[in-house]
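Working through the structure, step by step
So the chains spell out like this:
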Amino acid sequence: MNEEPKIIQGGAYEDERGKLSFVNDFDLSAVKRYYIIEHPDTSVIRAWQAHKKEQKWFQVISGSFLVAVVRPDNWEKPSEKLEVRKVILKADKNQVLHIPGNFANGFKALEPNSRMIVFSDFSVEESSKDNFRFESQMWLDWKNEI
Ligand SMILES: Cc1cn([C@H]2C[C@H](O)[C@@H](COP(=O)(O)OP(=O)(O)O[C@H]3O[C@H](C)C(=O)[C@H](O)[C@H]3O)O2)c(=O)[nH]c1=O
């Protein structure tokens, strides 16, 4: 599988009734569950979680996050020198980041109390059989990011 992470751009509509935010191109037909992650401050690093098959979709719903994505070259002992792709997701940009299988993800909030909703195409049980973790200090010096 050679699919790459990508941004699905949404939009917003405002009138006298208020504001409606949407992501029309986000097809949720594969999604089995969602969860919401909130980081109290910008010092918390949540990394690295990885899946060979499970897909995730991330949307920031409050504040902003730096999300980093790496494709492990080896699932037991990956190289420490791999390309790190970095994306800043902000609640007011209405963007969904799709991370296909075969990638590791890591992130930190850029503002206190930032919140992110995560959609997954695997149940919790399926995910637990496709769950890989790597040390947070791998690949990125998080403290010096932004
Ligand atoms: C995600 C999830 C978790 N939980 C329970 C299971 C654990 O007892 C507890 C903490 O979960 P976990 O340590 O897996 O959370 P993260 O380390 O943030 O990882 C999660 O979010 C990152 C981005 C991943 O990519 C992982 O696949 C996903 O598991 O919540 C549930 O009951 N349901 C859920 O949907």
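Let me sum up the structure you'll find in this document. (Residues numbered from 1 in each chain as written. Predicted model: local features only at pLDDT ≥ 70, side-chain atom pairs only at ≥ 80, totals over all residues. Heavy atoms only, no water.)

**Description of the sheet that holds strand 7 (residues 64-70)**
- The antiparallel open sheet is built from five strands, whose spatial order is 8-7-10-5-12. Lying at the two open borders of the sheet, with one neighbouring strand each, are strand 8 (85-90) and strand 12 (132-133).
- As defined by bridge partners, strand 7 adjoins strand 10 (residues 103-109) across six bridges and the pair is classed as antiparallel. Across the sheet, phenylalanine 65 pairs through a bridge with alanine 109, a residue of strand 10. (Pairing = 2+ DSSP bridges. Helix = DSSP H or I, 4+ residues; strand = E, 2+ residues; numbered from the N terminus.)

**Observations regarding the pattern of salt bridges**
- This structure, assessed with the given rule, holds ten salt bridges.
- Arginine 85 is the salt-bridge partner of glutamate 4, the closest N and O atoms lying 2.6 Å from each other. Remark: arginine 85 occurs in strand 8 and glutamate 4 occurs in the segment before strand 1 (6-9); sequence separation between them is 81 residues.
- Residue classification places glutamate 4 among the partly exposed positions, given a relative accessible area of 35%.
- On the accessibility criterion, arginine 85 (25% relative accessible area) is partly exposed.
- In this structure, arginine 17 and aspartate 15 form a salt bridge, with 2.7 Å as the shortest nitrogen-oxygen distance.
- We classify arginine 17 as exposed; its relative accessible area is 70%.
- Each of Glu4, Arg71, Glu83 and Arg85 takes part in a single network of salt bridges with overlapping partners. (Salt bridge = Lys/Arg side-chain N within 4 Å of Asp/Glu carboxyl O. Buried < 20%, exposed > 50% of the residue type's maximum accessible area, 1.4 Å probe, protein only.)

**Quick notes on unusual backbone geometry**
- Cis peptide bonds are those with omega within 30 degrees of zero, and the linkage from alanine 47 to tryptophan 48 qualifies with -15°.
- Along the chain, the position of tryptophan 48 falls in strand 5 (residues 46-51).
- A positive phi angle, near 55°, is found at asparagine 94, a position not held by glycine.
- Within the secondary structure, asparagine 94 is located in the loop between strand 8 and strand 9 (95-99).

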